[in-house]
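Residue-level structure breakdown
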Amino acid sequence: MKRIALGVQYNGADWHGYQIQPHGITVQDKLEQAIQQFACAHLPTTCAGRTDAGVHALGQVIHFDTELTRETHAWVRGINAFLPDSIGVRWAREVQELEPVAEGEYREGEFHARFSARSRTYHYLLYNHQVRSPLLAGRAGFCHRPLDVELMRAGAAHLIGEHDFSAFRAAQCQAKTPVKQMYEVNVARHGDMILFTLRASAFLHHMVRNLVGSLVYVGQGREKPEWMAELLAGRDRTVAAPTFMPDGLYLANIEYDEKWGLPAEAASILPAF
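Quick caveat: nothing in here was measured; it's all calculated off a predicted structure. (Residues numbered from 1 in each chain as written. Predicted model: local features only at pLDDT ≥ 70, side-chain atom pairs only at ≥ 80, totals over all residues. Heavy atoms only, no water.)

1. Points about the overall build of the chain
When its secondary structure is counted, the chain shows 5 helices and 10 strands. In terms of C-alpha radius of gyration, the chain reaches 19 Å, essentially the compact-globule figure of 19 Å for 273 residues. The principal-axis extents of the C-alpha atoms in the chain amount to approximately 60 × 40 × 35 Å. Residues counted as buried form 52% of the 273 residues belonging to the chain. Restricting the contact set of the chain to residue pairs at least 6 apart, pairs at least 24 apart contribute 69%. Counting only carbon and sulfur atoms, one obtains 48% of the accessible surface of the chain, whose full area is about 13,200 Å². Counting 27 positive and 30 negative side-chain charges, the chain places the centres of these two groups 4 Å from one another. (Helix = DSSP H or I, 4+ residues; strand = E, 2+ residues; numbered from the N terminus. Rg over C-alpha atoms; globule rule 2.2 N^0.38 Å. Buried < 20%, exposed > 50% of the residue type's maximum accessible area, 1.4 Å probe, protein only. Contact = heavy atoms within 4.5 Å. Areas by Shrake-Rupley, 256 points an atom, 1.4 Å probe, with all protein chains shown as cover. Lys, Arg positive; Asp, Glu negative; His and termini not counted. Charge placed at Lys NZ, Arg CZ, Asp CG, Glu CD.)

2. Focus: the environment of asparagine 186
Positionally, asparagine 186 belongs in strand 8 (residues 179–190). Given a relative accessible area of 38%, asparagine 186 falls into the partly exposed group. In the structure, asparagine 186 is positioned 30 residues away from alanine 156 in sequence and 7.5 Å away in space, judged by C-alpha atoms. Side-chain polar atoms of asparagine 186 contact the side chain of glutamate 184, separated by 2.5 Å. (Polar contact = N/O pair within 3.5 Å; in protein donor to acceptor, adjacent residues only side chain to side chain.)

3. Quick look at the packing of aromatic side chains
Inspection of the entire model under this criterion finds 10 aromatic pairs. Look at phenylalanine 38 and tryptophan 75: their rings are 5.5 Å apart centre to centre, the planes differ by 70 degrees, and that puts the pair in the edge-to-face class. On the criterion of sequence distance, the pair formed by phenylalanine 38 in helix 1 (residues 27–39) and tryptophan 75 in helix 2 (residues 72–80) is long-range, its members being 37 residues apart. Exposure class is identical for phenylalanine 38 and tryptophan 75. Each is buried. Measuring from centroid to centroid gives 5.2 Å for phenylalanine 64 and tryptophan 75, while their planes differ by 65 degrees, and the two rings are edge-to-face. (Phe/Tyr/Trp six-rings, centres within 6.5 Å; stacked < 30°, edge-to-face > 60°.)

4. Some remarks on the side chain of threonine 51
In this structure, threonine 51 sits in the loop between strand 2 (46–47) and strand 3 (56–66). Among the polar contacts made by the side chain of threonine 51, one reaches the side chain of tyrosine 10 at a distance of 2.7 Å. With residues up to four places along the chain from it excluded, the contact list for threonine 51 reads Tyr10, Gly17, Tyr18, Tyr122 and Leu251.

5. Remarks on the packing of helix 1 against helix 2
Two numbers describe how helix 1 lies on helix 2: the axes approach to 8 Å, and their chain directions differ by 115 degrees. Taken together, the axis directions place helix 1 and helix 2 in an arrangement best described as roughly perpendicular. Where helix 1 crosses over helix 2, the handedness of that crossing is right-handed. Contact with helix 1, carried on its side by Ala34, Ile35, Phe38 and Ala39, involves Ala74, Trp75, Gly78 and Ile79 of helix 2 and no other residues of that element. (Axes fitted to C-alpha atoms, helices over the stretch in contact; angles between N-to-C directions. Parallel < 35°, antiparallel > 145°, perpendicular 65-115°, else oblique. Left-handed = near helix turned anticlockwise from the far one by under 90°.)

6. Looking at unusual backbone geometry
The phi torsion of most residues other than glycine is negative, and most of the peptide bonds are trans. Phi is positive for cysteine 40, which is not a glycine, with a value near 60 degrees. You can see cysteine 40 is positioned in the loop between helix 1 and strand 2.

7. Some remarks on the environment of alanine 241
You can see alanine 241 is positioned in the loop between helix 5 (227–234) and strand 10 (249–255). What makes alanine 241 buried here is its relative accessible area of 1%. Taking C-alpha positions, alanine 241 is 26 Å from asparagine 11, a pair spaced 230 residues apart along the chain. Not counting residues within four places of it along the chain, the set of residues in contact with alanine 241 comprises Gly213, Ser214, Tyr217 and Trp227.

8. Structural notes on the nonpolar core
Ranked by size, the top nonpolar core spans 76 residues in total, and within it Leu6, Phe168, Phe196 and Tyr256 carry the most contacts. Counting residues per element, this core draws most heavily on helix 4 (residues 207–219), at 8 residues. Leave out the neighbours within four places in its chain, and phenylalanine 168 touches His205, His206, Met207, Asn210, Leu211, Ser214, Met228, Leu231, Leu232, Arg237 and Ala240. Core analysis: the next-biggest nonpolar cluster, separate from the first, contains 9 residues, Tyr127, Met193, Tyr250 and Ala252 among them. (Core = buried A, V, L, I, M, F, W, Y, C linked by side-chain atoms within 4.5 Å.)

9. As for the pairing of strand 8
In the sheet, strand 7 (residues 161–164) pairs with strand 8 via 4 bridges, with the strands oriented antiparallel. Paired with histidine 163 across the bridge in strand 8 is lysine 180. Relative to strand 9 (residues 193–200), strand 8 runs antiparallel, the two being bridged by 8 bridges. Looking at strand 9, one finds that methionine 182 is bridged to alanine 200. (Pairing = 2+ DSSP bridges.)

The analysis is restricted to geometry; functional conclusions fall outside its scope.
Next up, the structure:
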């Protein structure tokens, strides 16, 4: 039995999120169908992190177990042959051989797309202009009011470190704890585009979109940068800004220990606009 890891990219605009749903219109549905068509066997997959409807991925990682022997390039080309244009496998690696276990079971020392991850990085791409661009629909968020990047950077500084992020947690979040370690929050302007980069141990449901929404309030001058610290301390979701649109959110990178030998692909590169 072999465990195979895949690096996956997708444009989430046409999909109802990552996780399998009864209607079958999700990224995982299409991936598992493509894997089954290529491998002629049903191979359940596990991902590093589920994404919502409309959210994209530059560096999603999944794994599955199989007794089949294939060259890594064969997994890439074979699976891609059965995928739609908006989903693609970028690389494949055999991470280890292992004894069969029950589906969903995890044993210490084994590679696991979710539990072996050391950190996760998300990008949020925001178009800041008086008039929306139809070319960016579904690919970037939009704010027509002027935004002060320096104010947003000052607000973002309060997020670094270990915090209870309950103020930015969706009501339906299933995480065992709201406490996460935030390693990095960067806000950079490139012309009319603003790029938010957030790297943490893990993220709660809607956490990035809720953080971006609140930072936008700060950038508009509606709240002071210190408000971000007040939200963390208050732990009240109803006080923070509304959840921002999913269009500009990209799961950019999953960090693993070097021992697994996964490709260090430049997953932080966003599509050219």
